[in-house]
Amino acid sequence: RAVRNFDQKVVEYSHSAGILSYRKKLVEYYKRYEINITADDIIIGAGGSEAILFAMNSCMDPGDEIIIPEPFYANYNGFAVNAGIKVVPIPSQIEDGFALPPISEFEKAITPKTKAIIICNPNNPTGYLYSQSELETLKEIVLKYDLFLFADEVYREFCYDGKKHFSVMHMSGLDENIVLIDSVSKRYSACGFRIGCL
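Now for a look at the structure at hand. (Residues numbered from 1 in each chain as written. Predicted model: local features only at pLDDT ≥ 70, side-chain atom pairs only at ≥ 80, totals over all residues. Heavy atoms only, no water.)

1. Details of the packing of aromatic side chains
What the rule picks out here adds up to 8 aromatic pairs. Centroid distance tyrosine 29 to tyrosine 30: 5.0 Å. Interplanar angle 65°. Geometry classified as edge-to-face. Overall, the relative accessible area of 6% leaves tyrosine 29 in the buried class. Judged by centre distance (5.9 Å) and plane angle (70°), the rings of tyrosine 155 and phenylalanine 158 are edge-to-face. (Phe/Tyr/Trp six-rings, centres within 6.5 Å; stacked < 30°, edge-to-face > 60°. Buried < 20%, exposed > 50% of the residue type's maximum accessible area, 1.4 Å probe, protein only.)

2. Looking at the nonpolar core
When a protein is soluble and globular, its nonpolar side chains tend to lie buried together. Grouped together as the largest cluster of nonpolar side chains are 35 residues, with contacts concentrated most on Tyr30, Ile117, Ile119 and Leu138. At the level of elements, α1 (20–31), β3 (86–91), α4 (103–109), β4 (114–120), α5 (132–145), β5 (148–152) and β6 (178–183) are the ones that each hand at least two residues to this core. Formed by 23 residues, the second largest nonpolar core is a distinct cluster that contains Met56, Ile68, Cys120 and Tyr155. (Core = buried A, V, L, I, M, F, W, Y, C linked by side-chain atoms within 4.5 Å. Helix = DSSP H or I, 4+ residues; strand = E, 2+ residues; numbered from the N terminus.)

3. Quick word on the sheet that holds β4
What the 7 strands build is an open sheet, ordered β1-β7-β6-β5-β4-β2-β3; its pairing is mixed. Two strands in the sheet have a free side with no partner beyond their single neighbour: β1 (44–45) and β3. In this sheet, β4 lies alongside strand β2 (residues 65–70) in parallel orientation, the contact comprising 3 bridges. Residue isoleucine 67 lies in a different strand from β4, and its bridge partner there is isoleucine 117. (Pairing = 2+ DSSP bridges.)

4. Side note on the packing of helix α2 (residues 47–59) against helix α3 (residues 75–83)
The geometry of α2 relative to α3 is characterised by a closest axis approach of 9 Å and an angle of 40° between their N-to-C directions. With respect to each other, α2 and α3 are oriented oblique. The two elements α2 and α3 cross, and the hand of that crossing is right-handed. Facing Ser49, Ile52, Leu53, Met56 and Asn57 of α2, the residues of α3 in contact are Tyr76, Phe79, Ala80, Asn82 and Ala83. (Axes fitted to C-alpha atoms, helices over the stretch in contact; angles between N-to-C directions. Parallel < 35°, antiparallel > 145°, perpendicular 65-115°, else oblique. Left-handed = near helix turned anticlockwise from the far one by under 90°. Contact = heavy atoms within 4.5 Å.)

5. A word on unusual backbone geometry
Note: most residues except glycine have negative phi, and most peptide bonds are trans. A cis amide bond links glutamate 70 with the next residue in sequence, proline 71, at an omega value of 5°. Take proline 71: it is sitting in the loop between β2 and α3. Geometrically, the link from asparagine 124 to proline 125 is a cis peptide bond, its omega value of 25° lying close to zero. Note on placement: proline 125 falls in the loop between β4 and α5. Not every positive phi belongs to a glycine, and aspartate 146 is a case in point at roughly 50°. Take aspartate 146: it is sitting in the loop between α5 and β5. For serine 189, which is not glycine, the phi dihedral falls at a positive 50°. Among the structural elements, serine 189 can be located in the loop between α6 (184–187) and β7 (196–197).

6. So, the pairing of β5
The buried count for β5 comes to 4 of 5 residues, which makes it a mostly enclosed element. Note: β4 against β5, 5 bridges, orientation parallel. Residue pairing in the sheet places isoleucine 117 in a bridge with leucine 149 of β5. Viewed along the sheet, the connection from β4 through α5 into β5 turns out right-handed. By the bridge criterion, 4 bridges tie β5 to β6 in an arrangement that is parallel. Its bridge partner lying in β6, alanine 151 is registered against leucine 180. (Right-handed = clockwise from strand over helix to strand, strands pointing away.)

7. A closer look at the environment of serine 58
The residue serine 58 is located in helix α2 in this model. Serine 58 sits in the exposed class, given a relative accessible area of 61%. Of note is the side chain of serine 58, whose polar atom sits 2.7 Å from the backbone oxygen of phenylalanine 54. (Polar contact = N/O pair within 3.5 Å; in protein donor to acceptor, adjacent residues only side chain to side chain.)

So, to be careful, I would describe these as geometric facts and stop short of saying anything about function.
Written out as structure tokens, the structure reads:
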């Protein structure tokens, strides 16, 4: 019915960051989670996938390396290949429920080409929810080596057993290092809409 009643004569390109009214609604959504940003901080993309690719291409150069705790969302590999960057996996262990690997493992993996770490929280595919203390540990290493921390938080609402999601956006001192990735795909079970943001 809405399509039939649509009477806009010209469907022009939106702002390159995305439609402002939507970005303002996202600001309201994030405030509910104590994430305080402005509409100008948000860029809309064609799904979370494009947002991840935008982040990689914006913050990294071909030949750079990104560290990812594994198991991880398999498509991170494809995005990295597309961006010309190398994935450096750090295994997490089933014995501790796939908790964040020790900081020493991250430090062993860091080279002069390391530019970023990406986490999915809650994790896909393990479902592990990173704690505040684990994220604070990541903050230390990100600041120590001046890395980007890409945080894929598309499963933010999927926390169980009374556990609460702690966003990387809740940490101070990382304004120049954090890129938050999000999408409507999981929240509204609407993958086909292809609406994501960073």
